[in-house]
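Structure at a glance
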Amino acid sequence: MAVYRDLYPAGQRAERALPEERTAILERVATQPLLNRMLRGIAALRATGRVTWGGPAIHTFDVRIKDDRATLHDCQDGSKAGQADDKTGKRLTHGTTGTHLISMLLKGRDGAWRVSKVEQVEEPCSPTA
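Summary of the structure given here. (Residues numbered from 1 in each chain as written. Predicted model: local features only at pLDDT ≥ 70, side-chain atom pairs only at ≥ 80, totals over all residues. Heavy atoms only, no water.)

**Some remarks on the packing of aromatic side chains**
What the rule picks out here adds up to one aromatic pair. Aromatic side chains Tyr 4 and Tyr 8 sit 6.0 Å apart centroid to centroid with 85° between the ring planes, which places their arrangement in the edge-to-face category. One end of the pair is Tyr 4 and the other is Tyr 8, both in helix 1 (residues 2-16) and four residues apart, which spans about a single turn. For Tyr 8, a relative accessible area of 25% translates into the label partly exposed. In this structure, Arg 91 packs its charged tip against the face of Trp 53, placed 3.8 Å from the ring centre. (Phe/Tyr/Trp six-rings, centres within 6.5 Å; stacked < 30°, edge-to-face > 60°. Helix = DSSP H or I, 4+ residues; strand = E, 2+ residues; numbered from the N terminus. Buried < 20%, exposed > 50% of the residue type's maximum accessible area, 1.4 Å probe, protein only. Lys NZ or Arg CZ within 6 Å of the ring centre and 35° of its normal.)

Shown next, in the form of structure tokens:
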């Protein structure tokens, strides 16, 4: 689902925006409870003088849609993404490969899908070719 792929770039746009602009940016791709979680995460990240760099490679599978709800699994490779110092640009962290995420999506009254929850599964995964 395209909105899931749009979630990460939207988060990066929101973290670089003014605090009062962040909700409007994220509302296009996220709904509660994820929306508030992302806003709190961005505020905490910015408070430490950090931003994110790069982006994860997304490998979705097992997408299930029923009425106005959907779930999808992602075997994400975050090795080319992480956190950086906002002033210097120095990369401070990077993600890992094989991160198994399960996301819940809801279709809004406007007909648009938005991500409502993202949870990490403890067991790592392997993306299929």
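**Examining the sheet that holds strand 6 (residues 113-121)**
Taken in spatial order, the four strands of this open sheet run 2-3-5-6, and their pairing is antiparallel. Lying at the two open borders of the sheet, with one neighbouring strand each, are strand 2 (60-66) and strand 6. Strand-to-strand, the axes of this sheet are offset by a mean angle of 15°, without reference to chain direction. With five bridges connecting them, strand 2 and strand 3 (residues 69-76) associate as antiparallel partners. The residue of strand 3 that forms the bridge with Lys 66 is Arg 69. On the sheet, helix 1 packs against strand 2, strand 3, strand 5 (99-107) and strand 6 and is oriented at approximately 75° with respect to strand 6. (Pairing = 2+ DSSP bridges. Axes fitted to C-alpha atoms, helices over the stretch in contact; angles between N-to-C directions. Contact = heavy atoms within 4.5 Å.)

**Some words on the nonpolar core**
In this structure, Leu 7, Leu 26, Ala 30, Leu 34, Leu 105 and Val 115 are the most contacted members of the largest nonpolar core, which totals 23 residues. Setting aside chain neighbours within four positions, we find Leu 7 in contact with Val 29, Ala 30, Leu 34, Met 38, Val 115 and Val 118. (Core = buried A, V, L, I, M, F, W, Y, C linked by side-chain atoms within 4.5 Å.)

**Points about the state of the cysteines**
A complete count under the given rule lists one disulfide for this structure. A disulfide bridge connects Cys 75 with Cys 125, and the sulfur atoms are separated by 2.2 Å. Torsion about the S-S bond of the Cys 75 and Cys 125 cystine: about 110°, corresponding to right-handed handedness. Of this pair, Cys 75 sits in strand 3 while Cys 125 sits in the segment after strand 6, and the two are 50 residues apart along the sequence. An identical accessibility class is assigned to Cys 75 and Cys 125; each is buried. (Disulfide = S-S within 2.5 Å.)

**Section: the side chain of Arg 22**
In this structure, Arg 22 sits in helix 2 (residues 19-26). Of the side chains bearing the opposite charge, Glu 21 lies closest to the buried Arg 22, which forms no salt bridge; the N-O distance is 7.7 Å. Engagement of the side chain of Arg 22 in a polar contact is seen with the backbone oxygen of Ala 14, the distance being 3.1 Å. Each residue touching Arg 22, except ones within four places of it in the same chain, is listed here: Ala 14, Glu 15, Ala 17, Leu 39, Ile 42, Ala 43 and Arg 46. (Lys, Arg positive; Asp, Glu negative; His and termini not counted. Salt bridge = Lys/Arg side-chain N within 4 Å of Asp/Glu carboxyl O. Polar contact = N/O pair within 3.5 Å; in protein donor to acceptor, adjacent residues only side chain to side chain.)

**So, unusual backbone geometry**
In this structure, the amide linkage connecting Gln 32 to the following residue, Pro 33, adopts the cis form with an omega of 5°. As for its position among the elements, Pro 33 is in the loop between helix 2 and helix 3 (34-47). Backbone geometry places Asp 62, a non-glycine residue, at a positive phi of 50°. Relative to the helices and strands, Asp 62 is located in strand 2. By relative accessible area, which is 33% here, Asp 62 ends up partly exposed.

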